[in-house]
Amino acid sequence: MPSHRDLPESQITDREIYLRRRDFLRTSATAAVLASGLPALTACGTEDAVAQTKASVRGPRPLADILPAPNRFRAEDPQTPEKDATTYNNFYEMGTDKDDPARNAHRLRTEPWSVSVEGEIAKPGVIPLEDLLRPHPLEERVYRLRCVEAWSMVIPWVGVPLGDVLKRFEPTSKARYVAFETLLDPEQLPGQKRRVLEWPYREGLRIDEAMHPLTLLAVGMYGKTLPGQNGAPLRLVVPWKYGFKSIKSIVGIRLQADEPVTAWNQSAPGEYGFYANVNPEVSHPRWSQARERRIGDWRKRPTLPFNGYGDQVASLYAGMDLRRNF
Ligand SMILES: Nc1nc2c(c(=O)[nH]1)N[C@H]1C(S)=C(S)[C@@H](COP(=O)(O)O)O[C@H]1N2
Ligand SMILES: [Mo]
């Protein structure tokens, strides 16, 4: 097999068409091999590959040239301390206790990393992460994150708008939804040895939600690359939805006509809907969603409709019954 360096970019697509005879995940695994040897992610072009490799062993590293986002993308709430946001995590592939992901994250190898972008698009491909991001300036956005378990944080993410990335692949008129998949590899993600959920973790959005300017593909937080426990090297952030929609460590993105199967909806459809918009008026069957505990606070605070982003996103759901489409 030729190495990735031998392939001009135009041939990667032909290669992808061949690879698509195999299933989604084997394609992605192959992509990781194809991408090996490339210099790792930097905000502005290349850096010495050896230095990068050493840096990756140390974990998160600073990102350069981050633009501050406009105010509507910067919550004014006090930010959650970085220590809390990186040690109190839900990432079941790394264990189900809140401190398991931080302890197990060192097993995850994020370089090289590629993403298979496929389905209802004119330009499918298996894209090294560097190439996926290269045209897009990195932005810092401060978003509230509301977990369905009724706790919340405020996190300064670094990333690029998902819609800008998807447009480059030229979605067809049949692309009504976007499906996402996390890496499947029980050696790197030992939580996958237990069937807590059906692995790989899957999530999905309607195409207009995916294209909404608030929807972020994050590569960093607190000015650095993402730690493994927060979904390195690439995760979704959808701030008006419960946290479980914000899928971590993404290796597959598929545009499609039908509503995607999603991990939590598949495991407990009566508890976790496809839409999962933050809604204080619709209780989880086992607890109220009216209030939440901001990590670091003692008292609970009221939960806001759409997590406080209603003026930006409520129109997406005009005419829908949000109790039925919970
Ligand atoms: N692959 C994967 N993505 C995931 C999860 C997970 O278990 N696996 N947990 C989700 C849940 S429930 C939440 S609240 C957020 C937590 O993100 P954080 O740990 O960065 O705060 O990640 C989401 N993304
Ligand atoms: Mo969550």
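Residues numbered from 1 in each chain as written. Chains lettered and ligands numbered in written order. Predicted model: local features only at pLDDT ≥ 70, side-chain atom pairs only at ≥ 80, totals over all residues. Heavy atoms only, no water.

J.: I'm lost on the overall build of the protein chain in this one. Help?
T.: Scanning the protein chain from N- to C-terminus turns up 10 helices and 13 strands. Considering only residue pairs separated by 6 or more positions, the protein chain has 71% of its internal contacts joining residues 24 or more positions apart. (Helix = DSSP H or I, 4+ residues; strand = E, 2+ residues; numbered from the N terminus. Contact = heavy atoms within 4.5 Å.)

J.: Would you take a moment to explain the confidence of the model for the protein chain for this structure?
T.: Caution applies to low-pLDDT parts of the model: their predicted coordinates are not meant to be read in detail. When the pLDDT values of the protein chain are averaged, the result is 87; 82% of them are 70 or greater. Contacts of residues 1–56 to residues separated by more than four positions or lying in other chains number 83 contacts, the stretch itself having pLDDT below 50. (pLDDT = per-residue confidence, 0-100.)

J.: Whenever I open this one, the pattern of salt bridges confuses me. Can you help?
T.: Side chains that differ in charge, positive against negative, can pair when their charged atoms come close. Within this structure, the stated rule accounts for 22 salt bridges. In this structure, Arg 301 and Asp 297 form a salt bridge, with 2.7 Å as the shortest nitrogen-oxygen distance. Note on Arg 301: relative accessible area 29%, which makes it partly exposed. Given a relative accessible area of 29%, Asp 297 falls into the partly exposed group. The structure contains a network of salt bridges with shared partners spanning Asp 77, Arg 144, Arg 146, Glu 292 and Arg 294. (Salt bridge = Lys/Arg side-chain N within 4 Å of Asp/Glu carboxyl O. Buried < 20%, exposed > 50% of the residue type's maximum accessible area, 1.4 Å probe, protein only.)

J.: Would you take a moment to explain the site of ligand 1 for this structure?
T.: Around ligand 1 there are 16 residues in total, and Asn 89, Tyr 92, Glu 93, Arg 235 and Lys 248 lie nearest to it. Asn 90 is positioned with one of its backbone polar atoms (N or O) 3.1 Å from a nitrogen atom of ligand 1. Between an oxygen atom of ligand 1 and a side-chain N or O atom of Asn 230, the distance comes to 2.9 Å. Computed on the free molecule, ligand 1 has an accessible area of 540 Å², of which 98% lies beneath the protein chains in the complex. Each residue belonging to the shell around ligand 1 can be placed in one class, and the counts come to 7 nonpolar, 6 polar and 3 charged. (Near = heavy atom within 4 Å. Polar contact = N/O pair within 3.5 Å; in protein donor to acceptor, adjacent residues only side chain to side chain. Areas by Shrake-Rupley, 256 points an atom, 1.4 Å probe, with all protein chains shown as cover. Nonpolar A, V, L, I, M, F, W, Y, C, P; charged D, E, K, R; others polar.)

J.: Looking at this structure, I do not really get the side chain of Asn 230. What am I missing?
T.: Take Asn 230: it is sitting in the loop between β9 (224–225) and β10 (235–237). Of note is the side chain of Asn 230, whose polar atom sits 2.9 Å from the backbone oxygen of Ala 85. Excluding its chain neighbours within four sequence positions, the residues that come into contact with Asn 230 are Ala 85, Thr 86, Asn 89, Met 221, Arg 235 and Lys 248.

J.: Explain the nonpolar core here, please?
T.: It is characteristic of soluble globular proteins that their nonpolar side chains tend to be buried jointly. Formed by 82 residues in total, the largest nonpolar core has its most connected members in Leu 132, Trp 157, Phe 180 and Trp 240. At 7 residues, the largest contribution of residues to this core is made by strand β5 (residues 151–161). Apart from the residues within four sequence positions on either side, Leu 132 is in contact with Val 115, Val 117, Ile 127, Val 165, Arg 168, Phe 169 and Leu 234. (Core = buried A, V, L, I, M, F, W, Y, C linked by side-chain atoms within 4.5 Å.)

J.: What am I meant to see in the pairing of strand β12 (residues 291–294) here?
T.: Across a regular strand the side chains alternate sides, sitting on one face of the sheet and then on the other. With burial as the criterion, only one face of β12 is covered, namely that bearing Glu 292 and Arg 294; the residues Arg 291 and Arg 293 on the opposite face remain uncovered. As judged from the 2 bridges shared by β5 and β12, these two strands associate in the parallel manner. By the bridge assignment for β12, Trp 151 is matched with Arg 293. Two elements, β12 and strand β13 (residues 301–302), share 2 bridges in a ladder whose sense is antiparallel. Bridging across to β13, Arg 291 finds its partner in Pro 302. The antiparallel pairing of β12 with β13 creates a hairpin that spans 6 residues between the two strands, and Gly 296 there sits at a positive phi of about 105°. (Pairing = 2+ DSSP bridges.)

J.: Explanation requested: the environment of Ala 69 in the structure shown.
T.: Looking at the element boundaries, Ala 69 is found in the loop between β1 (67–68) and α4 (82–85). Taking the C-alpha atoms as reference, Ala 69 lies 9.3 Å from Leu 138; in sequence the two are 69 residues apart.

J.: Whenever I open this one, unusual backbone geometry confuses me. Can you help?
T.: For residues that are not glycine, phi is negative in most cases, and the peptide bond is trans in most cases. Cis geometry is found at the peptide bond from Glu 111 to Pro 112, where omega equals 0°. With respect to the secondary-structure elements, Pro 112 resides in the loop between α5 (100–104) and β2 (114–119). For the peptide bond that leads from Ala 232 to Pro 233, omega is -5°, which places it in the cis range. Within the secondary structure layout, Pro 233 lies in the loop between β9 and β10. Within the chain, Glu 170 stands out as a residue other than glycine whose phi angle is a positive 55°.

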